[in-house]
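A look at the structure
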Amino acid sequence: MDPMIRVRDAREHNLRHVDLDAPRDRIVVFTGVSGSGKSSLAFGTIYAEAQRRYLESVAPYARRLIEQAGAPKVGDITGLPPAVALQQARGGGNARSSVGTVTQLSNVLRMLFSRAGAYPEGAEQLDSDSFSPNTPIGACPHCHGLGTVHTVSEDSLVPDPSLSIRDGAVAAWPGAWQGKNYRDILAELGVDVDIPFRDLPAERREWILMTDEQPVVTIHPIRDAARITRPYQGTYSSPRRWVLHTYATTKSATLRAKAARHLISSPCPVCHGRRLRPEALAVRFAGHDITELAALPMTELAAVLSRPHGLDGVRAEAADALTGNLRDRIETMTELGLGYLSTSRSTTTLSAGELQRLRLGTQLRSGLFGVLYVLDEPSAGLHPADTEALVGSLHRLRAAGNSLFVVEHDLDVVRHADWVVDVGPGAGEHGGRVLYSGEVAGLARAGESVTRRYLFGLVPREPHEPRTPQGRLELRGVTLHNLRDVEVSFPLGCFTAVTGVSGSGKTTLVTHVLTAAVEAHLAGQEPEVKATGLDQVARLVRVDQKPIGRTPRSNLATYTGLFDAVRKLFAAAPESVARGYDAGRFSFNVPGGRCENCQGEGEISIEMLFLPGASAPCPVCHGRRYNDATLEIMVGGRSIADVLGLTVDEARTALAGVPAAARSLETLAEVGLGYLRLGQPATTLSGGEAQRVKLASELQRVRRDHTLYVLDEPTSGLHPADVDRLVAQLDGLVAAGNTVVLVEHDMDVVARADWVVDLGPGGGDAGGRIIAVGPPPSVAAAPDSVTAPFLARHLR
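A few points on the structure. (Residues numbered from 1 in each chain as written. Predicted model: local features only at pLDDT ≥ 70, side-chain atom pairs only at ≥ 80, totals over all residues. Heavy atoms only, no water.)

With that settled, consider unusual backbone geometry. With an omega dihedral of 0 degrees, the bond running from glycine 424 to proline 425 counts as a cis peptide bond. As for its position among the elements, proline 425 is in the loop between β12 (419-424) and β13 (433-438). Geometrically, the link from glycine 760 to proline 761 is a cis peptide bond, its omega value of 0 degrees lying close to zero. Its place among the elements puts proline 761 in the loop between β23 (755-760) and β24 (769-774). In this structure, histidine 17 is a non-glycine residue whose phi angle is positive, near 50 degrees. Within the fold, histidine 17 resides in the loop between β1 (4-10) and β2 (18-23). Overall, the relative accessible area of 55% leaves histidine 17 in the exposed class. (Helix = DSSP H or I, 4+ residues; strand = E, 2+ residues; numbered from the N terminus. Buried < 20%, exposed > 50% of the residue type's maximum accessible area, 1.4 Å probe, protein only.)

A few words on the environment of valine 741. Following the sequence through the fold, valine 741 ends up in strand β22 (residues 739-743). By relative accessible area, which is 0% here, valine 741 ends up buried.

Moving on to the packing of aromatic side chains. The relation between two aromatic rings is expressed through the spacing of the ring centres and the mutual angle of the planes. Applying the stated criterion to the full structure yields eleven aromatic pairs. Measuring from centroid to centroid gives 5.7 Å for phenylalanine 570 and phenylalanine 586, while their planes differ by 45 degrees, and the two rings are tilted. Within this pair, whereas phenylalanine 570 is found in helix α20 (residues 562-571), its partner phenylalanine 586 is found in the loop between α21 (574-579) and β19 (603-606), the two being separated by 16 residues in sequence. Judged by relative accessible area, phenylalanine 570 falls into the buried class, the value being 1%. Among the aromatic residues, those joined into a ring-pair cluster are Trp173, Tyr182, Trp207 and Tyr236. Arginine 256 extends its terminal NZ or CZ atom over the ring of tyrosine 247, reaching a point 4.0 Å from the ring centre. (Phe/Tyr/Trp six-rings, centres within 6.5 Å; stacked < 30°, edge-to-face > 60°. Lys NZ or Arg CZ within 6 Å of the ring centre and 35° of its normal.)

From the geometry alone we can't say anything about function, so treat these as descriptive.
Here is the structure:
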């Protein structure tokens, strides 16, 4: 039997008729600079074809759906086993999804309480579903198992009561015509809409804001000479009713966000945030109810479950079997560096890397054999110490008889692979070729490979001389999450890296405590922690990994603002002027110029019934978002859709004569994003990419005041060559007199910092302490630091 997976003539995205032979039953790592085509080959071609073949074997109706979704552009693939993709989730999430539900730990924990829990005297044994907040028989009936309730108040609905209703006092109403409609209804009902809202009688204000009544009245609009106006029947809806209904039912992210601004969230007064019915909360195991155990970090939960339970008979047998199962599952998660997470933690609060490793841990226990696992940078967000455990887990999956194709930038993971496929040499149109496919050592002979230079230490590194601080920003008495009375100092005018294993308290210290103190000071308020040196910071810029948009309508061009310049350029074209087209004609978000079949999204959603939903190019505009008339307008030989299809690097040439766009494109290229397409949906960007888009938007602003830049793992998902470009940009910010503080796991970046703050020694309650501070060589010599030996290796 042929031991190889053979790909012929792969043409997905930027791949240039690629042929590839890669072994089964091995760990194969795909490397290359960001945007070189690694993911297009591993996910867009190999995994997509495996999925298509599986779906072809199911019902004819499903096959018809697959035909709509399309097949990857590839000549042929042989030797391809069934595949499972473990990708990094992009944004979104479900409030009811938790660490426990993803790993199935919650199922076993519920079974433990059902079969082996201590019930109150006279109480009946409960089914395991009674311990789930996601089932009708388990959920608290008051909050429906969410643990929080949403209410409104006069203050939340009317933030400025000095305004009249006509001037917009009721901020919670919908905008445009509907808000005016409610105002006119109140006027017809005899409400004075021209006096300050606070001057209305209290009972009248209460009715206006909170009533469930929906009176219908005849509205007589003010006559407008420009158009015909006729009386109409208007139905009143109070702001409270509109906010609660919109928040609960709308599918529009924008409307939901508007409604959420006027909600007050508080713990459920019945279950006190514990989400379950009283009968379930009365059952105990090891002296705890199920919500108390679910709130413990997994390492602590394992310790509780290891204690003698003191049961006998059938309950003892159930307890032994179920606690053993739980401890085994937790051990797997701990090996992947996730022991600091609690099973009740919502998946919406996890990084993409954490969520992918949870799924990897679940697969390690699945017992599948002969499967191809395709993984997307599983080391993202991992401390080097945790990366070693990750590599061990990958080897366990391989030893179980599986194949692993791993898209990865971490050089330690690459070194432990059996086989490496290097794609490049550059990004976008400058990549898309397989430069090398073979055992790792052989990559040293691949002359075009950028990865080769970093993997074999061929990139010269000058010794870094730490800068002299311009002052210090000190925080004292920091107590939050696992931080306990911490005292820390950040040098100003310097580049500071905050390090430590996952869960040690880095993000809490930097993105919660430090930024909150600076924000409070800049707002003229007293910080919650004792702080000195804040008066030396004139501005704060937080660059996080949150998505730059939650729908496909948001993209690189719209977020950076350069699309406004592009639309104006097309509106000024002679043919546009002759037809009377303005800049709005070239927006895919409003009717007029967009394709109405897909409403400007360029794709249609396909409901796959029992399978995850898919999308396919719109059959009318073929993914181009606009109608034919709009696409007839050409600038420089390109339509508006052609411009959105350009990469940043291509657009730098095509739009060089448009100053408003050129600066945005230049900064995007400087932070290593030259391979992204202008119209690439925000939902497809990784957290690291989204963070660098935000950084690029900030870099194009000319600032002369002292700015504190705070970044959270900005190198996540970056090739070492792109990391060098990013560090050069951050160095430029510091050279201009600013301060940069970043949470970082990449020791190559930490080694080039001026100052290092190392937290630990472990994660969760085992962390939260300052282990070492100082220049990199000083921290590298710290005896109690988990980071020290890895940093020392890079300094050498």
